[in-house]
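# Inside the fold
Spelled out, the chains give:
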Amino acid sequence: MATTAIASEIEALTGVGTADASFLVSAQKFVVSSTPKSLLKWAASLTDPASHGGNTSQGINIVMPTATDSILDVSRNGFSADEVPYNMKGFIANSTSLHLATNTYPKYYLDNAVSNKGTVVSVKPVPTDSETARVLYVDYSKIDDDSDLRSVVIYRAASSEFSKLASGMNAGVTTALTYLKAAVDQAETAADRFEASNDASIFGDPATYDATNSQLVRVKEAVDKVQLLIETDKPASGYDAHDLLQAEDIELLNGNLSIVKTELERAQVHLSEWVAIGDMRVKQINVALAEAQGYAGEVTARIGQQQIYIAESQKYYNWAKQELQTYVGMNEKSIQYQTQNQQAQAEAQ
């Protein structure tokens, strides 16, 4: 069944290069599972004994070609069969039982499914080459380009595409967080040298830059706090940036990153007092903090895009449900009207 037009519309709506075929199939199956079987008779297919069993030559049991519970009818030699529970399988084949299936009133039960296929349908009396058994079922592949339900397939598949795009942003966010931490670590390493060493500083007096006397200790406090917020259980266990990303708590993650950006800005303000002095270590810290700010902005941008994808996914999913509800509602009313009209004509006669 052709789905070329459906795939093209999915690509146009979502911007993906190639529509995911598995999403399309899932959307077709979503339509079938969400619609009353009585409204999908136009999408029916019939099993073929030569391919699926139901005769002596190919196997007396019918193996459904696809996993579906949308069976419309089971017949043997043209006579419709009634379904019985699995625990009745012995009774319908027992000649002394009141539940014995006959040629005129056959019966069937569902058995274990076959891998990569569907349920096994076992019909009694046992089918033969001259009295074959067949299953009429709703075929999801017929919800195609020519179907009245094609828009439902498009919207449902588009929803899955946007969910995939949203999920794909996590890798980018994780990478940016990793680079953000590396830049902060670099700034922290340089800032640590103000506390205990003057080897790489042009300051002659350690009291100018050590932790006791220097305002630069505030720089280290800020970058230390950023490191904790990213991956060391700050402000509490389970609330650093990596934990919140893994938990997909976007609101708290945005709040965390807001504090990160504020602390980085604070560190840069303290450093501005020292830049004019020309200490290369201060410049090194400044470069690292600027790089960290850039990665923090990238994380924020990616999270914002992710939220857009999530919203789009939900929107198209809701549209799919609404389209389906409209289809079901209109057709159920039409069937009800036809039934009432037929009853009225029968009573009139």
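Before going into details, it helps to say that this report is about the structure given with it.

Reading guide: rules and limits
- Residues numbered from 1 in each chain as written.
- Predicted model: local features only at pLDDT ≥ 70, side-chain atom pairs only at ≥ 80, totals over all residues.
- Heavy atoms only, no water.
- Helix = DSSP H or I, 4+ residues; strand = E, 2+ residues; numbered from the N terminus.
- Buried < 20%, exposed > 50% of the residue type's maximum accessible area, 1.4 Å probe, protein only.
- Contact = heavy atoms within 4.5 Å.
- Polar contact = N/O pair within 3.5 Å; in protein donor to acceptor, adjacent residues only side chain to side chain.
- Pairing = 2+ DSSP bridges.
- Core = buried A, V, L, I, M, F, W, Y, C linked by side-chain atoms within 4.5 Å.
- Salt bridge = Lys/Arg side-chain N within 4 Å of Asp/Glu carboxyl O.

This part takes up the environment of Asn103. Of note, Asn103 is situated in the loop between strand 5 (82–83) and strand 6 (107–113). Exposure remark for Asn103: the relative accessible area of 40% places this residue in the partly exposed category. In this structure the C-alpha to C-alpha distance between Asn103 and Phe79, which are 24 residues apart in sequence, comes to 7.8 Å. Filtering out sequence-adjacent residues up to four positions away, Asn103 remains in contact with Arg76, Phe79, Pro125 and Glu131. Within the structure, the side chain of Asn103 is placed 3.1 Å from the side chain of Arg76, a separation counted as a polar contact.

Okay, the pairing of strand 6 next. With two bridges joining them, strand 5 and strand 6 adopt parallel strand pairing. When the sheet's bridge partners are listed, Glu83 is paired in strand 6 with Tyr108. In terms of strand pairing, strand 6 meets strand 7 (residues 119–124) through six bridges, oriented antiparallel. Note on strand 7: the bridge partner recorded for Tyr108 is Val123. Hairpin connection from strand 6 to strand 7: five residues lie between these consecutive antiparallel strands, with Asn116 at a positive phi of about 65°.

Right, let's get into the nonpolar core. Leu177, Leu180, Leu264, Ile285 and Leu289 are the most contacted members of the largest nonpolar core, which has 33 residues in total. Elements that contribute at least two residues to this core include exactly helix 4 (150–196), helix 5 (217–231), helix 6 (241–246), helix 7 (250–275) and helix 8 (280–348). Considering every element that reaches this core, the biggest residue donor is helix 4, with nine residues. Leave out the neighbours within four places in its chain, and Leu264 touches Leu180, Val184, Val226, Leu289, Ala292 and Gln293. With 31 residues, the next largest nonpolar core counts Phe30, Val31, Ala166 and Ala320 among its residues.

Another point: the pattern of salt bridges. All chains considered together, the criterion is met by eight salt bridges. Notably, a salt bridge pairs Glu263 with Arg266, separated by 2.8 Å at the nearest N-O pair. Of this pair, Glu263 and Arg266 both sit in helix 7, three residues apart, which is roughly one turn of that helix. Owing to a relative accessible area of 8%, Glu263 belongs among the buried residues under this scheme. When the shortest N-O distance is used, the salt bridge between Arg302 and Glu298 registers 3.0 Å. You can see Arg302 and its partner Glu298 sitting in helix 8, four residues apart, about one turn around the helix. Given the relative accessible area of 28%, Arg302 is considered partly exposed. One salt-bridge network, in which partners are shared between bridges, spans Lys225, Glu263 and Arg266.

Here the focus is the sheet that holds strand 5. Sheets are built from strands that pair by backbone hydrogen bonding, the pairs being arranged parallel or antiparallel. Pairing is mixed across the open sheet formed by four strands, whose spatial order is 2-7-6-5. At either margin of the open sheet sits one strand with a lone partner, and together these are strand 2 (62–63) and strand 5. Summarising the sheet, strand 2 and strand 7 pair through two bridges and their orientation is antiparallel. Residue pairing for strand 7: Ile62 is matched across the bridge by Val121.

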